[in-house]
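Understanding the architecture of this molecule
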Amino acid sequence: MFDAYYFLTGGTSGIGAETARVLAKRGVRVVMAVRDMKKAEMVKERIIRENPEADIILFEIDLSSLSSVARFCSQFLSQDLPLNILINNAGVFSPNLEFSEEKIELTFATNFLGHYLLTEMLIEKMIDTAEKSGIEGRIINLSSVIHNWVKPDCFSFPKLLHPISRYNGTRAYAQSKLATILHAKALSKQLKDRNANVTINAVHPGIVKTGIIRAHKGLFTDSLFLIASKLLKSISQGAATTCYVALSNETKGLSGKYFADCNETNCSDLANDEYVALKLCTQSRALIHDHLHEFQIHALPNLCFL
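Keep in mind that what you see is a predicted model, and the values were worked out from it rather than measured.

Cut-offs applied
- For every chain, the first residue of its written sequence is number 1, and the numbers climb from 1 along that sequence.
- Totals for whole chains, interfaces and linings use every residue, but because this is a predicted model, local features are given only for residues with pLDDT of at least 70 and side-chain atom pairs only at 80 or more, for both listing and counting.
- For the side-chain quantities, the full set of heavy atoms in the structure was used; hydrogens and water were omitted.
- The helix and strand labels rest on DSSP assignments: H or I over at least four residues marks a helix, E over at least two residues marks a strand, and numbering proceeds from the N terminus.
- Buried, partly exposed and exposed residues are distinguished by accessible area as a fraction of the type maximum, computed with a 1.4 Å probe on protein chains only: under 20%, between the cut-offs, and over 50%, respectively.
- Two residues qualify as a contact provided that any one of their heavy atoms is within 4.5 Å of a heavy atom in the partner residue.
- Values of accessible area rely on a 1.4 Å probe in the Shrake-Rupley scheme; residue burial ignores everything except the protein chains shown.
- Expected helix span is given by 1.5 Å per residue-to-residue step, counting one fewer step than there are residues.
- This arc is built from the directions going out from the helix axis to the C-beta atoms.
- Any pair of N or O atoms that falls within 3.5 Å is considered a polar contact. Within protein, one atom must be able to donate a hydrogen and the other to accept it, and sequence-neighbouring residues count only if both atoms are side-chain atoms.
- A carboxyl oxygen of Asp or Glu within 4 Å of a side-chain nitrogen of Lys or Arg is what we treat as a salt bridge.
- Paired strands, in this sense, are two strands between which DSSP finds at least two bridges.
- Here, the term right-handed applies to a crossover whose path from the first strand over the helix to the second runs clockwise when the strands point away from the viewer.
- Throughout this description, the term nonpolar core refers to a set of buried Ala, Val, Leu, Ile, Met, Phe, Trp, Tyr and Cys residues connected via side-chain atoms within 4.5 Å.

Below, the discussion takes up the overall build of the protein. Each helix and strand in the protein was counted, giving ten helices and eight strands. When the 306 residues of the protein are sorted by exposure, 57% land in the buried category. Counted over contacts in the protein with a minimum sequence separation of 6, partners at least 24 positions apart contribute 78%. Total accessible area on the protein is roughly 13,900 Å²; 50% of this is exposed by carbon and sulfur atoms.

Pasting the structure below:
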């Protein structure tokens, strides 16, 4: 019955937990990579109560830490498990300027860099799984419509790592979500060039009243939610587009696209800029190699490289 492995980050609440529940109902093994193992165990228990045959595997990971991501990937790959679907779902919003253990702005480190490294280290396993199984591998990056707010002159890699002007949490979040689309665009091109049977797309789940959205003080206030409550999506509706792109036959072969409301849609001109996408990946790769040199991790595939 369980012949496919679906990998999900950030499945302890909200859209991630609902995505894990839906995937488990499909009869696949759901691998949840989470920071809070206690919350993950609670989610796992709820899913199993609903579906006793669910098969869920938990791993601990801190996506804000490059060294934690590298250790996790080494641990996962050592088990030689197949990998069919990778859903880069986890995300944070930091209203105040905070930094990761590598001294990188926390929102960018978690929402983009951690997932970038995770994807780079697992991509060869996905390509191999797709080749052996004959089943298309799929990567889904969770983004947001808020990426449209980012202007070209504000998207500077050094400033993303270490903001030097007045910090704005919403701007940092928007920049990180733009980066997830650019990653999908760049990696999609490289996968196509390799004729790999793996796709990557970005999705906007919609405006859902999760912990992240409530943290946007001054932007999404409680009064705004009250006024617009009928327009907000439920958690299950918010997870629908992710599940659609991951599971639907209608998305087979589609790659480098941006989805919202279970439909392919347009992203910003900046998000479509191929040069910006490749430059971001090149800079990210160089940064990661520098930070992980002490761990002697040199096996990242040459996918997103100028």
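With 14 residues, helix α2 (residues 37–50) ought to run about 20 Å at 1.5 Å a step, and its terminal C-alpha atoms sit 20 Å apart, in line with that. Here α2 has its buried residues at Ala40, Val43 and Ile47. Down the axis of α2, the sector holding all buried residues measures 60°, keeping them to one side. Among the exposed residues of α2, those pointing more than 90 degrees away from its buried face are Lys38 and Arg49. Of the surrounding secondary structure, the elements contacted by the buried residues of α2 are α1 (14–25), β2 (29–34) and β3 (55–60). One side-chain oxygen at the N-terminal end of α2 lies 3.1 Å from the backbone nitrogen of Lys38; it belongs to Asp36.

Below, the discussion takes up the pattern of salt bridges. This structure, assessed with the given rule, holds ten salt bridges. As a salt-bridge pair, Asp80 and Lys125 come within 2.9 Å of each other at their nearest N and O atoms. With Asp80 in the loop between α3 (66–78) and β4 (85–88) and Lys125 in helix α4 (residues 106–133), this pair connects stretches of sequence that are 45 residues apart. What makes Asp80 exposed here is its relative accessible area of 57%. We classify Lys125 as buried; its relative accessible area is 13%.

With that out of the way, let us pick up the pairing of strand β5 (residues 137–142). Counting buried residues in β5 gives six out of six residues, a clear majority hidden from the surface. Residues Gly137, Ile139 and Asn141 point to one face of β5 and Arg138, Ile140 and Leu142 to the other, with burial holding for every one of them. Bridge analysis of β4 against β5 gives four bridges, and the strand direction is parallel. Paired with Ile87 across the two strands is Ile140, which belongs to β5. Handedness of the crossover joining β4 and β5 through α4 is recorded here as right-handed. Pairing analysis gives six bridges linking β5 to strand β6 (residues 198–204), with the strands arranged parallel. Looking across to β6, one finds that Asn141 is bridged to Ala202.

The subject of this paragraph is the nonpolar core. Core analysis: the largest hydrophobic core is formed by 65 residues, its most contacted members being Phe7, Phe72, Phe76, Phe108, Leu118 and Phe155. At the level of secondary structure, the elements contributing two or more residues to this core comprise β1 (5–9), β2, α3, α4, α5 (157–161), α6 (169–193), β6 and α10 (274–292). The element that contributes the greatest number of residues to this core is α4, accounting for 13 residues. If sequence neighbours within four positions are ignored, Phe108 has contacts with Leu113, Phe157, Leu160, Leu161, Ser176, Ala179 and Leu280. Ala4, Met32, Ala40 and Tyr244 belong to the second largest nonpolar core, which has 28 residues in total.

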